[in-house]
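Chain and residue survey
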Amino acid sequence: MKYGQFIATVRDNGDYSGREEAERVTEAVLSVLRDRLTEESADHLAAQLPEPLDELMRDRDAKRAESYGSAEFCRRVAGMTGATERTAEWDADAVLSTVAGTVSGGELNHLLSQLPSGYAPFFGKNELMD
C-alpha cells in the first residue's frame, strides 16, 4: 500500500475531516506504538509500511521498549494529539486497523504476540489470526 492510500484509509476509518488530520493522528498512534515495541519488532513492522511511515517506526532513541497496557497507550496518544482518551481510542482503531490491512498475516500475528490482549481490538482482531 502506498502512503496516500494508507492515509486515505485512515481518514475513511476514522471519519476525519481531511488528510492533515489523518496524517497527524497516524503519526501520533505509530509513534506511541513504536515506543511500546522492541527495536526488532518496530523494524519488522517498518519494513511493511509505506514511506515515510517506515522511517517513523525506525526513528527511536536507543531506549528499551516500554511496557504498558491499552489504556496507557490511549492516554499517550491523547497527550500527543490533545484529544480525549475516548477519541484516542477511536484514533488507535482507525490507524491500527489500517496497519492490520497493510501488513502480512505473519507480521500482524508477531505484532499481536508482542502486545497485551487489550491491543488486539485496535487492529480489528479479537486474538491472533489463524
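Residues numbered from 1 in each chain as written. Predicted model: local features only at pLDDT ≥ 70, side-chain atom pairs only at ≥ 80, totals over all residues. Heavy atoms only, no water.

Observations regarding the packing of helix α5 (residues 70-81) against helix α6 (residues 85-102)
Stated precisely, the cut-off is as follows: Angles shown run from 0 to 180 degrees and are taken between the N-to-C directions of axes, each axis being a line fitted to C-alpha atoms and, for helices, limited to the stretch in contact. We count a stretch as a helix when DSSP gives it H or I for four or more residues in a row; a strand needs E for two or more, and each element gets its number in order from the N terminus. Should an angle lie under 35 degrees it is considered roughly parallel, over 145 roughly antiparallel, and from 65 to 115 roughly perpendicular; all remaining angles are considered oblique. For this analysis, residues touch if any pair of their heavy atoms sits within 4.5 Å. Under this grouping Gly is polar, as are all residues other than the nonpolar Ala, Val, Leu, Ile, Met, Phe, Trp, Tyr, Cys and Pro and the charged Asp, Glu, Lys and Arg.
Where α5 contacts α6, the two axes come as close as 8 Å, and the packing angle between them is 100°. Taken together, the axes of α5 and α6 are roughly perpendicular relative to one another. Residues F73, C74, R75, V77, A78 and T81 of α5 touch α6, and the partners they reach there are E85, A88, E89, D91, A92 and L96. Considered class by class, the residues forming the contact of α5 with α6 number 7 nonpolar, 1 polar and 4 charged.

Side note on helix α1 (residues 3-14)
Rule in force here: To estimate the expected span of a helix, count its residues, drop one, and scale the result by 1.5 Å. We call a residue buried when its accessible area falls under 20% of the maximum for its residue type, exposed when it is over 50%, and partly exposed in between, using a 1.4 Å probe and counting protein chains only. It is the directions from the helix axis to the C-beta atoms that the arc portrays.
Taking 1.5 Å of rise per residue, the 12 residues of α1 would be expected to cover 16 Å, and the 16 Å separating its terminal C-alpha atoms lies within 8% of that figure. Of the residues making up α1, those classed as buried are Y3, F6, I7, V10 and G14. Looking straight down α1, one finds that the buried residues subtend no more than 95° of arc, so they occupy a single side. Next to the buried residues of α1 lie α2 (19-36), α4 (53-58) and α6. Positive backbone phi, at 55°, marks D15, one or two positions downstream of α1.

Here's the deal with the nonpolar core
Our working definition: We call a set of buried residues a nonpolar core when its members are Ala, Val, Leu, Ile, Met, Phe, Trp, Tyr or Cys and they connect through side-chain atoms within 4.5 Å of each other.
Ranked by size, the top nonpolar core spans 40 residues in total, and within it L30, L45, F73, L96, V99 and F123 carry the most contacts. At the level of secondary structure, the elements contributing two or more residues to this core comprise α1, α2, α3 (39-46), α4, α5, α6 and α7 (105-114). Looking at this core, the element that brings in the most residues is α6, giving 7 residues. When residues no more than four places from it in sequence are discounted, the contact partners of L30 are L49, L53, L56, M57, V95, L96 and V99.

Considering unusual backbone geometry
With an omega of 0°, the peptide bond between E51 and P52 qualifies as cis. When you line up the elements, P52 lands in the loop between α3 and α4. We note that D15 has phi near 55°; this positive angle belongs to a residue other than glycine. Relative to the helices and strands, D15 resides in the loop between α1 and α2. Exposure remark for D15: the relative accessible area of 65% places this residue in the exposed category.

Thoughts on the packing of α2 against α6
When two helices pack together, their arrangement is captured by the angle between the axes and the distance separating the axes. The contact between α2 and α6 brings their axes to 9 Å, and the two run at 75°. Comparing their axes, α6 and α2 come out roughly perpendicular. Note on element contacts: α6 touches α2 through D91, A92, V95, L96 and V99, opposite V25, T26, V29, L30 and L33. Among the residues forming the contact of α2 with α6, the class breakdown is 8 nonpolar, 1 polar and 1 charged.

As for the pattern of salt bridges
The cut-off we apply is this: By salt bridge we mean one thing: a side-chain nitrogen of Lys or Arg within 4 Å of a carboxyl oxygen of Asp or Glu.
Going through the model one piece at a time under the given rule, you end up with 9 salt bridges. Between R58 and D43 there is a salt bridge; the shortest N-O distance is 4.0 Å. A residue pair is termed long-range when its members are at least 10 positions apart, and R58 in helix α4 and D43 in helix α3 qualify at 15 residues. With relative accessibility at 41%, the residue R58 sits in the partly exposed group. Where E72 meets R75, a salt bridge forms, and the shortest distance between an N and an O atom there is 2.9 Å. On the criterion of helical spacing, the pair formed by E72 and R75 is a turn pair, its members being 3 residues apart in helix α5. Members of the salt-bridge network, linked through shared partners, are E66, E72, R75, R76 and E85.

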